[in-house]
Amino acid sequence: MEQLNTEEFENQVTQKLVENYELIIRELGEDPFREGLAKTPERAAKAMKFLTQGYDQDAEAILRSAMFREDYSEMVLVKDIEVYSLCEHHLLPFYGKAHVAYIPNGYIVGLSKIPRVIEVFARRLQVQERMTDQILKCIDQTIKPLGVAVVIEARHMCMMMRGVQKQNSITTTSAFTGEFQRVETRSEFLNLIGAKLY
Ligand SMILES: [Zn+2]
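All residue numbers refer to position in the chain's written sequence, counted from 1. Where totals are concerned, whole chains, interfaces and linings use all residues; where local detail is concerned, this predicted model gives features only for residues with pLDDT of at least 70, and gives and counts side-chain atom pairs only at 80 or more. The side-chain quantities take in all heavy atoms of the structure and omit both hydrogens and water.

Chemist: An account of the environment of valine 13 is needed here, citing residue identities and associated values.
Modeler: Strands here are runs of E lasting at least two residues and helices are runs of H or I lasting at least four, both read from the DSSP assignment and numbered beginning at the N terminus. Structurally, valine 13 is set in helix α1 (residues 2–27). Put simply, valine 13 and lysine 113 are 100 residues apart on the chain and 29 Å apart in space, counted from C-alpha to C-alpha.

Chemist: I'd like to hear about the pattern of salt bridges, residue by residue, with values.
Modeler: What counts as a salt bridge is simple: a side-chain nitrogen of Lys or Arg found within 4 Å of a carboxyl oxygen of Asp or Glu. By the definition in use, this model includes 10 salt bridges. A salt bridge links glutamate 30 to arginine 34; the nearest nitrogen and oxygen atoms lie 2.9 Å apart. Its salt-bridge partner being glutamate 60, residue arginine 64 comes within 3.4 Å of it at the nearest N-O pair. Separated by four residues within a single helix, arginine 64 and glutamate 60 lie in helix α3 (residues 59–64), roughly one turn from each other. Within the structure, one salt-bridge network assembled from shared partners comprises Glu179, Arg182 and Glu184.

Chemist: Please set out helix α7 (residues 183–193) residue by residue, giving values where relevant.
Modeler: Relative accessible area decides the class of each residue, using a 1.4 Å probe on protein chains only: under 20% of the type maximum gives buried, over 50% gives exposed, and in between gives partly exposed. The complete set of buried residues in α7 reads Thr185, Phe189, Leu190 and Ile193. When α7 is viewed along its axis, its buried side chains cluster within an angular range of 130° and face the same direction. Along α7, exposed side chains directed more than 90 degrees from the buried face belong to Val183, Glu184 and Asn191. Along its buried surface, α7 packs onto β2 (76–87), β3 (93–103), β6 (147–156) and β7 (171–176). Our arc is simply the arc of the directions from the helix axis toward the C-beta atoms. Contacts are assigned to residue pairs that have any heavy atoms within 4.5 Å of one another.

Chemist: Help me get a handle on the sheet that holds β7, residues and values and all.
Modeler: Two modes of strand pairing occur in sheets, parallel and antiparallel, and in both the strands are linked by backbone hydrogen bonds. In short, DSSP must find at least two bridges between two strands for them to pair. The strand order across the open sheet formed by five strands is β5-β2-β3-β6-β7, and the pairing between neighbours is mixed. Bordering the open sheet on either side are β5 (125–126) and β7, each of which pairs with just one other strand. Of the strand pairs in this sheet, β6 and β7 are connected by six bridges, and their pairing is antiparallel. Bridging across to β7, valine 151 finds its partner in serine 174.

Chemist: Explain the packing of helix α4 (residues 113–122) against helix α5 (residues 128–143) to me, and be specific about the residues and the numbers.
Modeler: The geometry of α4 relative to α5 is characterised by a closest axis approach of 10 Å and an angle of 135° between their N-to-C directions. In terms of axis orientation, α4 runs oblique to α5. Helix-helix and strand crossings are classified by hand; for α4 and α5 the assignment is right-handed. On α5, the residues touching Ile114, Val117, Ile118, Phe121 and Ala122 of α4 are Met131, Gln134, Ile135, Cys138 and Ile139. For the contact of α4 with α5, the per-class residue count stands at nine nonpolar, one polar and no charged. Note on geometry: axes are C-alpha line fits, over the in-contact stretch for helices, and angles between N-to-C directions span 0 to 180 degrees. Relative orientations are named as follows: roughly parallel for angles under 35 degrees, roughly antiparallel for angles over 145 degrees, roughly perpendicular for angles from 65 to 115 degrees, and oblique for any other angle. By convention the crossing between two helices is left-handed if the near helix lies anticlockwise of the far one by an angle smaller than a right angle, and right-handed if it lies clockwise. Gly is put with the polar residues, along with every residue not named as nonpolar or charged; the nonpolar set is Ala, Val, Leu, Ile, Met, Phe, Trp, Tyr, Cys and Pro, and the charged set is Asp, Glu, Lys and Arg.

Chemist: Tell me about the domain arrangement of the protein chain, and please be specific about residues and values.
Modeler: Bear in mind that the domain bounds are from an automatic or database domain assignment. One can read the domain layout of the protein chain as domain 1 (6–51) and domain 2 (59–194). A C-alpha centroid distance of 32 Å is found between domain 1 and domain 2.

Chemist: Now, about the nonpolar core: what can you tell me, with residues and values included?
Modeler: By nonpolar core is meant a set of buried Ala, Val, Leu, Ile, Met, Phe, Trp, Tyr and Cys residues that side-chain atoms within 4.5 Å join together. Residues Val100, Ile114, Ile118, Met131, Ile135 and Ile139 are the most contacted members of the largest nonpolar core, which totals 31 residues. Residue assignment for this core shows that the elements contributing at least two residues are α3, β2, β3, α4, α5 and β6. Sequence-distant contacts of isoleucine 118, defined by excluding residues within four places in its chain, comprise Ile81, Val83, Ala98, Val100 and Ile135. Met75, Ala101, Ala149 and Val151 belong to the second-largest nonpolar core, a separate cluster that totals 11 residues.

Chemist: Provide a residue-level description of the side chain of serine 85, including the pertinent values.
Modeler: Relative to the assigned elements, serine 85 resides in strand β2. There is a polar contact of 2.7 Å between the side chain of serine 85 and the backbone oxygen of alanine 122. Non-local contacts of serine 85, meaning those with residues more than four positions away in its chain, are made with Leu92, Pro93, Phe94, Ala122, Arg124, Gln126 and Met131. Pairing of N or O atoms within 3.5 Å defines a polar contact, subject to two protein rules: one partner must be a possible hydrogen donor and the other a possible acceptor, and residues neighboring in sequence count only if both atoms are side-chain atoms.

Quick look at the structure:
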């Protein structure tokens, strides 16, 4: 029953999005009814819903669903995870790679869950800095490891497409807790991912 209500709600939202995309296309001086654009408002609305589906997902629950008791206490690193998000200032994509490491403190998580956590936070209107922090906090609070490290390297379409003179620049953000605040541990992590921070 509740499921149905949610679906109905989402259909309504999508219909409103469709109408608004039609207005935007018209406002841009285009004919929203010409052949190539006729279904564009609907497609754009569905794409936008897809790209922001992270609002409805619980990243901590995803981690908790695959937490295992384990004595392993070396660094666990998942690197080069593809990230696609939307900049909240321009609604344009930013995309790149995320690298996540943690040092277990009695618990490990299924490795495939780390990219899923990133998806949950990336599929929202975001700024790269906040997303980096949210991923870090989620892992830190859920599996309570000895330390977490998150580095994200991304290109922002709002910089690349709008004539700023930094078309090829990559924005790097990072966040660290616990053991990763120690220089040696942090350097080991940064060497492993091949990133040059500071
Ligand atoms: Zn932007």
